[in-house]
Amino acid sequence: RIVYVNGAYVPEEEAKVSVFDRGFLFADGVYEVTSVLEGRLLDFEGHMRRLRRSLAELDMAAPASDEELLEIHRELVRRNGVEEGLVYLQVTRGAADRDFVYPAGVAPTLVMFTQEKQIVESPAAERGIRVISIPDERWGRRDIKTVQLLYPSMGKMMAKAAGADDAWMVEEGFVTEGTSNNAYIVKGGRIITRHLGNEILHGITRAAVLRLAREAQMEVEERPFTIEEAQGADEAFITSATTFVQPVVAIDDVEIGGGRPGPIARRLREIYVEEARRNAV
Ligand code: PMP
């Protein structure tokens, strides 16, 4: 596999990043994951807009222009022959002597690689996933897409230990989001998902799905909800770039919609895939 590191396309075995890189020492870095369908990129502009925002919030320099980043994405997809999967992009503040204070005049590190993944044909989307609830113990700026993913990783392990697929995180009694996705419920035909703020990542798939839902005359309500409300909902689902829309069929072992994927989640997934195929670049 060919990866990209600071201006060079190299075989993964030859790729090198300094042990003093602040991404490694401080998790001082941000990332994006853009899906690939039929060899083309989904919602590339949205991902780049969010990347700029993450960088700006951390006073971090942008490693390249959007045009250059698009070219690197395309070149990696081409070189690795990716039809369906993802491109991972990570920017860190760069390498410097270890010091909590941001170093001045250091070039950012840009690393990118591809991963093949079957996204459209998904057993999890067919059968639906089971989630558990866990306390949200992440830091307070979840709107910045940083590489500090240890708590979400612990959450996935807690889910696995409980025989579930994933976890929904709860703060002050309300669901924030999934460990690597946004969370939704459906009640009486109305789609409910937490409003944007520092408490959750502003999902690019979330924005697309809510827009498509409104265009299809579905009602959308952006507000917090509890696990109890979710357990009594008609449907539940998640969204993310690499899962699209996936139904949730149980929360803490309480089955939703009779334990089967619901019609609205199914419909949203179809609409999303149709539009993704149309608009990929
Ligand atoms: N929330 C969290 C915590 C995530 O990690 C992700 C995916 N990276 C999402 C939501 C979904 O965001 P997107 O739709 O942009 O993939």
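Residues numbered from 1 in each chain as written. Predicted model: local features only at pLDDT ≥ 70, side-chain atom pairs only at ≥ 80, totals over all residues.

Named according to an unreviewed UniProt entry, the protein chain is Probable branched-chain-amino-acid aminotransferase originating from Meinhardsimonia xiamenensis. The protein chain has a UniProt comment under Sequence similarities (unreviewed entry) that states "Belongs to the class-IV pyridoxal-phosphate-dependent aminotransferase family." Recorded in UniProt under Function (unreviewed entry), the annotation for the protein chain is "Acts on leucine, isoleucine and valine." (UniProt positions renumbered as here; feature names shortened; annotations may be inferred.)

### Quick notes on helix α2 (residues 44-57)
With 14 residues, α2 extends 20 Å from end C-alpha to end C-alpha; this agrees with the ideal 20 Å at 1.5 Å per step. On its buried face, α2 sits against β3 (29-37), β4 (40-41), α3 (66-80), β5 (85-92) and α6 (204-215). (Helix = DSSP H or I, 4+ residues; strand = E, 2+ residues; numbered from the N terminus. Expected span 1.5 Å × (residues − 1). Contact = placed C-beta atoms within 7 Å.)

### Here's the deal with the pairing of strand β13 (residues 235-240)
The side chains of a regular strand alternate, residue by residue, between the two faces of the sheet. Within β13, 6 of the 6 residues are buried, which leaves it mostly tucked inside the rest of the structure. Alternating residues of β13 divide into E235, F237 and T239 and A236, I238 and S240, and every residue in both groups is buried. Where β13 lies against strand β14 (residues 244-251), 5 bridges are found, and the strand directions are antiparallel. For I238, the partnering residue across the bridge sits in β14 and is Q246. Following β13, the chain reverses through 3 residues before pairing antiparallel with β14. (Buried ≥ 20, exposed ≤ 12 C-beta atoms within 10 Å, placed from the backbone. Pairing = 2+ DSSP bridges.)

### A look at the nonpolar core
With 57 residues, the main nonpolar core has M112, V131, I185, A236 and V248 as its most contacted residues. Setting aside residues up to four positions removed in sequence, I185 forms contacts with I192, F225, E229, A230, A233, E235 and A236. (Core = buried A, V, L, I, M, F, W, Y, C linked by C-beta atoms within 7 Å.)

### Observations concerning the sheet that holds β4
The strands that make up a sheet pair up through hydrogen bonds in the backbone, lying either parallel or antiparallel. One open sheet accounts for 6 strands, arranged β2-β1-β6-β5-β3-β4; its pairing is antiparallel. Two strands in the sheet have a free side with no partner beyond their single neighbour: β2 (8-11) and β4.

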